[in-house]
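Read off the chains here:
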Amino acid sequence: KIVVTGDLNQHDRGFENNGLKDFVKLLRTRNNQMIDIVEFTNHRFKLLGRSDDVINSGGVKIHPVLIEPLIAFSLASAGINRAFYLSKKPNTVFGEITVLVIEGEAIQDSSYLLELLKRDIPAYMHPKELVFVDQIQFTETGKVIRKSIS
């Protein structure tokens with residue numbers, strides 16, 4: 001199992017040994033930085049998300065696409081069926097914190113929802129704040145346009 005981010009030149013030898021070098025060439029950008037984060041296992045890959053979506057909170061790298069299914073389950077169990085995404089916000093202590101952006105009007109008992117998420121999601125990954133927006137924006141292909149919260 002290999003998770004790759006950053007400068008791909010440092011990973012070239014490992015990819016040659018695993019027969020993945022041609023595939024990795026498809027993931028490069030002009031400046032040789034990887035935009036997508038990919039997990040390789042047994043000559044298969046799984047797209048984990050974009051590197052600029054990763055939340056670095058207290059040195060822990062949090063991949064929103066891995067946490068959002070847990071959040072969806074928690075929201076559904078609370079009877080909340082709205083579009084959402086996990087974002088980040090600068091923080092003086094942790095560098096960045098996780099923020100849950102939810103479409104629609106503010107929920108009356110936001111503190112209850114935060115406690116529910118805290119119970120269901122690992123401590124370093126659960127949203128620390130909630131932000132409510134009128135509408136979440138999507139790309140033409142249906143992907144969420146993630147915006148950092150300032």
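Above this note sits the structure.
Because the structure is a prediction, the values reported are computed rather than measured. (Residues numbered from 1 in each chain as written. Predicted model: local features only at pLDDT ≥ 70, side-chain atom pairs only at ≥ 80, totals over all residues. Heavy atoms only, no water.)

Caption draft 1: How the structure looks around the nonpolar core. Core analysis: the largest hydrophobic core is formed by 17 residues, its most contacted members being Ile67, Ile71, Leu100, Leu113 and Leu117. Looking at this core, the elements that each hand over two or more residues are helix H3 (64-77), strand S6 (84-91), strand S7 (95-103) and helix H4 (110-120). Contacts of Leu100, omitting those with residues within four sequence positions, involve Ile71, Phe84, Tyr85, Leu86, Leu117, Pro127, Glu129, Leu130 and Val131. Judged by nonpolar contacts, the second largest core, of six residues, contains Val99, Val101, Ile136 and Ile149. (Core = buried A, V, L, I, M, F, W, Y, C linked by side-chain atoms within 4.5 Å. Buried < 20%, exposed > 50% of the residue type's maximum accessible area, 1.4 Å probe, protein only. Helix = DSSP H or I, 4+ residues; strand = E, 2+ residues; numbered from the N terminus. Contact = heavy atoms within 4.5 Å.)

Caption draft 2: Local environment of the packing of H3 against H4. Here H3 crosses H4 at 130°, and the two axes come no closer than 10 Å. On the basis of the axis angle, H3 is oblique to H4. Remark: the crossing between H3 and H4 carries right-handed chirality. Here Ile71, Ser74, Leu75 and Ser77 of H3 lie close against H4, whose contacting residues are Leu113, Leu116, Leu117 and Asp120. In the contact of H3 with H4, the residues fall into five nonpolar, two polar and one charged. (Axes fitted to C-alpha atoms, helices over the stretch in contact; angles between N-to-C directions. Parallel < 35°, antiparallel > 145°, perpendicular 65-115°, else oblique. Left-handed = near helix turned anticlockwise from the far one by under 90°. Nonpolar A, V, L, I, M, F, W, Y, C, P; charged D, E, K, R; others polar.)

Caption draft 3: View of the pairing of S6. As paired strands, S6 and S7 are joined by eight bridges and run antiparallel to one another. Directly across from Lys88, in S7, lies its bridge partner Thr98. In sequence, S6 turns back onto S7 through a hairpin of three residues. (Pairing = 2+ DSSP bridges.)

Caption draft 4: Molecular detail of the environment of Ser110. Relative to the elements of secondary structure, Ser110 occurs in helix H4. Placed 20 residues apart in sequence, Ser110 and Leu130 show a C-alpha to C-alpha distance of 7.4 Å. Looking at Ser110, its side chain comes within polar contact range of the main-chain oxygen of Ile107, at 3.0 Å. (Polar contact = N/O pair within 3.5 Å; in protein donor to acceptor, adjacent residues only side chain to side chain.)

Caption draft 5: The pattern of salt bridges, seen in detail. The final tally for this structure, using the stated rule, is five salt bridges. A salt bridge links Arg146 to Glu68; the shortest N-O distance between them is 2.7 Å. In this pair, Arg146 sits in the segment after strand S8 (129-133) while Glu68 sits in helix H3, placing the two residues 78 residues apart along the sequence. Residue classification places Arg146 among the partly exposed residues on the basis of a relative accessible area of 23%. Residue Glu68 is classed as buried on the basis of its relative accessible area, which comes to 13%. Measuring nitrogen to oxygen at the nearest pair gives 3.0 Å for the salt bridge that ties Glu129 to Lys89. (Salt bridge = Lys/Arg side-chain N within 4 Å of Asp/Glu carboxyl O.)

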